[in-house]
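Listed below, chain by chain, are the residues.
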Protein chains: 2
Amino acid sequence: MKITCAKNELLNAIRFVAKAISSKPQTPLLAGIYLKAEGDTAELHGNNNEIGLICKIHAEVERPGEITLTGRYFQEVITKLPGEDVTLDYSDAEKIVHITSGSADFRLLSMDSRSYPTVKHFEGNLSFTVKDNVLREAVRKTVFACATDPNRPLFTGVSVQVRTDHVIFAATNSHRLSVNNLHLTDTTKTINMIVPSRILQELLHTLNSEIPIDVKVTCSYNSLSFEFEDVFMTSRLLEGNFPDFDRVIPKEFKTKVHLNTEAFRAAVERVSLIARSSEYNIIKLEFGGNGVVISSTNQEVGNAKEEVAAQIEGDGIVISFNAAYLGDALKIMDSKTITFCLNEPLTAARIVEDGVEDFVYVVTPVRTAN
Amino acid sequence: MKITCAKNELLNAIRFVAKAISSKPQTPLLAGIYLKAEGDTAELHGNNNEIGLICKIHAEVERPGEITLTGRYFQEVITKLPGEDVTLDYSDAEKIVHITSGSADFRLLSMDSRSYPTVKHFEGNLSFTVKDNVLREAVRKTVFACATDPNRPLFTGVSVQVRTDHVIFAATNSHRLSVNNLHLTDTTKTINMIVPSRILQELLHTLNSEIPIDVKVTCSYNSLSFEFEDVFMTSRLLEGNFPDFDRVIPKEFKTKVHLNTEAFRAAVERVSLIARSSEYNIIKLEFGGNGVVISSTNQEVGNAKEEVAAQIEGDGIVISFNAAYLGDALKIMDSKTITFCLNEPLTAARIVEDGVEDFVYVVTPVRTAN
């Protein structure tokens, strides 16, 4: 194999596929980045048997072929190259990739590329196309609500239910639930999947184009892939049945509180500073009159209290929450105002982004001594 | 105590003195930041019994007094405050500091301020004044060369020898030596000190004013302090006798090599990528003809080679160094060209910044198999 390509394009591709390289690879080969050159393209692969990433770049291919270089060295060497272009010249006999750029001259040992588990495209039971910004929003508004506890593996993923003209994203850690509805312009068949949060987090980092682009989503019963521009991302799915979350979404409320999102978010964030240090991370909300008093207490540190103006319909109520379950959700809410919908101090509450119909957030209160 | 001050000034002062708070404080009090208010000033102290830091800010003092708050909470709370000003109101009876700013209202427990080991100014055997940029350069050009190995405590500090009209800074890890001479405008007595690198690193971070300022340096046999603007920094000294480094500085050379600093630095940095992975971190320099060939080899990774143009006076020579001992020094050299002064493959070499008389760098080569 011998190719010449733009250093920065190669570097960006390496950085992207390197995200699939585990810090503790199961096999030495999985510490590698695989590169295959043919036509006018170099295709880079990173794989950890859970997530697989491919990135294509333009290359002048003098001799097609494949190489596999340790991700760490490949990235460090390309990062430091002095030239704008870089030539990779692989000697099959020596198993060495000769990397040249400007005055720099590196020779890196290649691993056995024929044994590398390349990332595979797959047919899938169904596929649909969605605009990147729409997909990004659905992921951003749900993936934060996943559990991090690996003992509840189902809840570390996002439930993705594909219906004929929409897709429902839902995530929960059993104390909070975030649901986002995504409308499709084309129609598909139906499928239920649980998608590991990891691939969705990577998708959020990768989907950052300023011009709207199309993302092709392909689903099977054990895998999912996203394909856009020069990128292919795939992940195994989690196995199991996601609980029927729709029945835990409260529909009627005794109290509805209208709040300025930014003022409420900032106050919750400040009061949480004290809550965060206690075991249960509790903040108390006292809704009444023309406002809500947000407070938290920690015996060893002190306490915090702040009042935010609010318009309250219905009964006053005192209710406590895990501070993080409020704060995390307020961070992803973009509407200027929100409505906090409540019933009793020990029943689930719902936060509605005013003017946003496709998003639901439900949070369970905590029982407190006082 | 009750004061009102600008939030950002208070925050900057907290961040500064917090640098003296150890991550594992010897006593709970040393996790605290002490604040004393009197006149129109609030003075903040951080202390870990090695390093002590004071920062003064302007404050409207309604009631003078002192408080001691856990550094972590003090910083987090002040960071998040919504207002431009902040009021700290201490209730002696409750031992609680009431912090208010805009709508925010925090009450933090104060520790026992009377027991706090405040940072003390001291008389000293001698003191001198130096411009910040001059002091900064002397520190920057030596402190990097200290040992990090705590088993050789003397070498973790910088030798500072104050003479009547100059100060000699010197640091070594026994494989490399960096010396910088600083000229004084006033005259002083003489003293030899070994200053822990930690306080000098903090000084580098702190001395960043754009307008030249005066720094007052006060020295005693066990302590050193730097005083400028609203800041006071002090440190204990290391005990012992620093070796006579002057005799290891080679004065005559068989080979002198003139190099472009930036070209040589960049090439050394690249070739070091391969060297870094091997146990000894060795790069080889082959001086001859019109250049130097820099190379490194690692059995498991591959090799790197790069040629840089050089003007060589005297014999050609092949010599190997620890890559870091070259790279670290090249990073702090600012002259456009340098002269690499050499004798034999196994005797110490010297790198001279062309046109810079007050700086000396000596590096010992390593013996290699080939």
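For the structure, check the block above.
Residue positions are given per chain, counting from 1 as you read along its sequence in written order. Written order determines the labels here, with chains lettered from A and ligands numbered from 1. The predicted origin of the model limits local features to residues at a pLDDT of at least 70 and limits the giving and counting of side-chain atom pairs to 80 or more, whereas totals for whole chains, interfaces and linings rest on all residues. Each side-chain value is worked out from all heavy atoms of the structure, with water and hydrogens disregarded.

Chemist: Kindly report on the sheet that holds strand β3 (residues 41-47) of chain A, identifying the contributing residues and their values.
Modeler: Residues and elements named next belong to chain A. Taken together, eight strands build an open sheet; the order of strands is β6-β2-β3-β4-β17-β16-β15-β10 and the sheet is antiparallel. Strands at the two margins of the open sheet, each flanked by one partner only, are β6 (65-70) and β10 (126-131). Averaged over all neighbouring strand pairs, the angle between strand axes comes to 15°, with direction disregarded. Direction of pairing for strand β2 (residues 32-38) relative to β6: antiparallel, over a ladder of six bridges. When the bridges of β6 are listed, Y34 appears paired with T68. A pair of strands is treated as paired once DSSP finds two or more bridges between them. Runs of H or I in DSSP of at least four residues are treated as helices and runs of E of at least two as strands, each being numbered from the N terminus. Interaxial angles span 0 to 180 degrees and are taken between N-to-C directions of axes, which are lines fitted to C-alpha atoms, for helices over the stretch in contact.

Chemist: Can you tell me about the pattern of salt bridges, naming the residues and giving the values?
Modeler: A pairing counts as a salt bridge when a side-chain nitrogen of Lys or Arg comes within 4 Å of a carboxyl oxygen of Asp or Glu. Inspection of the entire model under this criterion finds 31 salt bridges over all chains. Between K2 of chain A and E62 of chain A there is a salt bridge, with its nearest N and O atoms 3.7 Å apart. In this pair, K2 of chain A is assigned in strand β1 (residues 2-6) and E62 of chain A in strand β5 (residues 60-63), connecting sequence segments 60 residues apart. Exposure is judged per residue with a 1.4 Å probe applied to protein chains only, and the accessible area is read against the type maximum: over 50% gives exposed, under 20% gives buried, and values in between give partly exposed. Accessibility expressed as a relative area gives 21% for K2 of chain A, which makes it partly exposed. R176 of chain B is the salt-bridge partner of D328 of chain B, the closest N and O atoms lying 2.8 Å from each other. Of this pair, D328 of chain B sits in helix α6 (residues 323-331) while R176 of chain B is found in strand β13 (residues 176-183), placing the two residues 152 residues apart along the sequence. Judged by its relative accessible area of 24%, D328 of chain B is partly exposed.

Chemist: So what's going on with the packing of helix α5 (residues 261-275) of chain A against helix α2 (residues 71-80) of chain B? Which residues, and what values?
Modeler: Remark: α5 of chain A packs on α2 of chain B, axes separated minimally by 10 Å, with the N-to-C direction vectors making an angle of 175°. In terms of orientation, α5 of chain A lies roughly antiparallel with respect to α2 of chain B. Mapping the contact onto sequence places E269, R270 and L273 of chain A in α5 of chain A and Y73, E76, V77 and K80 of chain B in α2 of chain B. Residues are grouped as follows: Ala, Val, Leu, Ile, Met, Phe, Trp, Tyr, Cys and Pro are nonpolar; Asp, Glu, Lys and Arg are charged; every other residue, Gly included, is polar. Broken down by class, the residue content of the contact of α5 of chain A with α2 of chain B amounts to three nonpolar, no polar and four charged. In what follows, roughly perpendicular refers to angles from 65 to 115 degrees, roughly parallel to angles under 35, roughly antiparallel to angles over 145, and oblique to any angle outside these ranges. We call two residues in contact when some of their heavy atoms are within 4.5 Å.

Chemist: Tell me about the interface of chain A and chain B, residues and numbers included.
Modeler: Contact residues are listed per partner, giving 30 residues for chain A and 30 residues for chain B. Buried area is a sum: the accessible area each of two parts loses on coming together, probed at 1.4 Å, counted once for each and added. When the two sides are added together, the surface that chain A and chain B hide from each other amounts to roughly 2600 Å², 54% of it contributed by carbon and sulfur. By the criterion of area lost to chain B, the three top residues of chain A are K80, R270 and L273 of chain A, representing 22% of everything that side buries. Connecting chain A to chain B are two salt bridges. For K80 of chain B, the salt bridge is made with E269 of chain A, and the minimal N-O distance between the two is 2.8 Å. Those elements giving two or more residues to the side of chain A that touches chain B turn out to be α2 (71-80), β9 (104-109), α5 and β21 (302-314) of chain A. Partitioned by chemical class, the residues of the side of chain A that touches chain B number 13 nonpolar, five polar and twelve charged. Across five bridges, β21 of chain A lies against strand β9 (residues 104-109) of chain B in antiparallel orientation. Within β9 of chain B, the residue paired with E306 of chain A across the bridge is A104 of chain B.

Chemist: Outline the pairing of strand β8 (residues 96-101) of chain B, supporting the account with residue identities and numerical values.
Modeler: All names here are of chain B. Counting buried positions along β8 gives five out of six residues, so the element sits mostly inside the fold. The pairing of strand β7 (residues 85-91) with β8 spans five bridges and is antiparallel. Its bridge partner lying in β8, Y90 is registered against V97. In the sheet, β8 pairs with β9 via six bridges, with the strands oriented antiparallel. Pairing of T100 across the sheet is with D105, part of β9. The loop that links β8 with its antiparallel partner β9 comprises two residues; one of these, G102, has a positive phi angle of about 55°.

Chemist: Break down the environment of F228 of chain B for me, with residues and values.
Modeler: Summarising the element assignment, F228 of chain B is placed in strand β16 (residues 223-228). Ignoring any residue separated from it by four or fewer positions in sequence, one finds F228 of chain B in contact with L203, T206, L207, I213, D214, V215 and M233 of chain B.

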